[in-house]
Amino acid sequence: APATLLEAHADWHWQSIGVRALFAQWDIDNDVAKVIGADTMTGFYVEPSYRVNDKVGVFARYNNWNTAANAVGKDDDQQVNVGVNYWIEPRVVLKADLQNTNKPNDEGDGFNLGLGLSF
């Protein structure tokens, strides 16, 4: 099906402070997608961060998205992550965060641990 993706993002840093943000929207021209309300999908996130020193940084991210924005009764999904980064060396980072969602019964809540490599 023909589809159009619109996207905008920003990545701003000043000294130890950083802010990232992204917005995206899909418009899908398809009868099946229209019937289920999934012909429009939207989402965004905002992520402020602070680099405490050369080794440690903290961040928070707010996410909001809807994969069926035109469906009746389909609420936006939301997620908040709060975490810490530890740079093992300048191009290798260990990341950990707590995740909280708006899903019932704490579904989707949890703890994430990751390793990042910049090359």
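Note that the structure is predicted; figures quoted are calculated from it, not measured. Here the residue numbers are simple positions, counted from 1 along each chain's written sequence. Local features in this predicted model are restricted to residues whose pLDDT is 70 or higher, and side-chain atom pairs enter the listing and the counts only when it is 80 or higher, whereas totals over whole chains, interfaces and linings include all residues. Computation of side-chain values covers all heavy atoms of the structure but excludes hydrogens and water.

A. Structural detail: the environment of Q78. Within the secondary structure layout, Q78 lies in strand β5 (residues 77-89). The spatial distance from the C-alpha of Q78 to the C-alpha of N100 is 8.4 Å, given a sequence separation of 22 residues. Only heavy atoms matter for contacts: two residues are in contact if any of them lie within 4.5 Å across the pair. When neighbours within four sequence positions are excluded, Q78 is seen to be in contact with Y62, N63, N64, W65, N100, T101 and N102. Labels follow the DSSP assignment, with helices taken as runs of H or I lasting at least four residues and strands as runs of E lasting at least two, numbered in each case from the N terminus.

B. Quick peek at the packing of aromatic side chains. Geometry of aromatic contacts follows a simple scheme: Phe, Tyr and Trp rings, the Trp one being its six-membered ring, pair when their centres are within 6.5 Å, and the pair is stacked under 30 degrees between planes, edge-to-face over 60, tilted otherwise. One pass over the structure, following the stated rule, counts one aromatic pair. Ring geometry for F44 against Y62: centres 5.8 Å apart, planes inclined by 50°, an arrangement best described as tilted. Here Y62 lies in strand β4 (residues 56-66) and F44 lies in strand β3 (residues 40-51), a separation of 18 residues in the sequence. Burial classes: relative accessible area under 20% of the type maximum marks a residue as buried, over 50% as exposed, and values in between as partly exposed (1.4 Å probe, protein chains only). Looking at Y62, the relative accessible area reads 30%, which means it is partly exposed. Each ring is checked for a lysine NZ or an arginine CZ that lies within 6 Å of its centre and within 35 degrees of its normal; such an atom marks a charge sitting over the ring. Of note, R51 hangs over the ring of W87, and the distance from its end group to the ring centre comes to 3.6 Å. Its guanidinium or amino end placed over the ring of F59, K95 lies 5.0 Å from that ring's centre, counting from NZ or CZ.

C. Focus on the pairing of β3. In the sheet, strand β2 (residues 17-28) pairs with β3 via 11 bridges, with the strands oriented antiparallel. When the bridges of β3 are listed, W26 appears paired with M41. Alignment of β3 against β4, held across eight bridges, turns out to be antiparallel. What sits directly across from F44, in β4, is N64. Once β3 ends, the chain turns through four residues before running back antiparallel as β4. Pairing between strands is defined by DSSP: at least two bridges between them are needed.

D. Quick look at the layout of surface pockets. The distinction between a cavity and a pocket rests on a 1 Å grid over the protein atoms alone: a 1.4 Å probe fits inside a cavity but cannot get out, while a pocket stays open yet meets protein on both sides within 12 Å along at least five of seven lines, and a residue with an atom within 4 Å of a point counts as lining. Grid points are joined across faces, edges and corners, and a volume is the space filled by probe spheres set on the points. Of the volumes computed, that of the largest pocket is approximately 410 Å³. Residue lining of the largest pocket: 21 residues in total, with R20, E47, S49, N85 and W87 positioned closest to the centre. For the lining of the largest pocket, the secondary structure elements donating two or more residues are β2, β3, β4, β5 and β6 (92-101). Under the scheme applied here, ten amino acids are nonpolar (Ala, Val, Leu, Ile, Met, Phe, Trp, Tyr, Cys and Pro), four are charged (Asp, Glu, Lys and Arg), and all others, including Gly, are polar. Tallied by class, residues from the lining of the largest pocket come to seven nonpolar, eight polar and six charged.

E. Main features of the pattern of salt bridges. When a carboxyl oxygen of Asp or Glu is within 4 Å of a side-chain nitrogen of Lys or Arg, the pair counts as a salt bridge. Throughout the structure, instances matching the rule amount to five salt bridges. A salt bridge links D29 to K34; the nearest nitrogen and oxygen atoms lie 3.5 Å apart. The structure contains a network of salt bridges with shared partners spanning D11, R20, E47 and R61.

F. Structural detail: the environment of D54. Among the structural elements, D54 can be located in the loop between β3 and β4. Since its relative accessible area comes to 67%, D54 is described here as exposed. Considered as a pair, D54 and E89 are 35 residues apart in the sequence and their alpha carbons are 9.2 Å apart.

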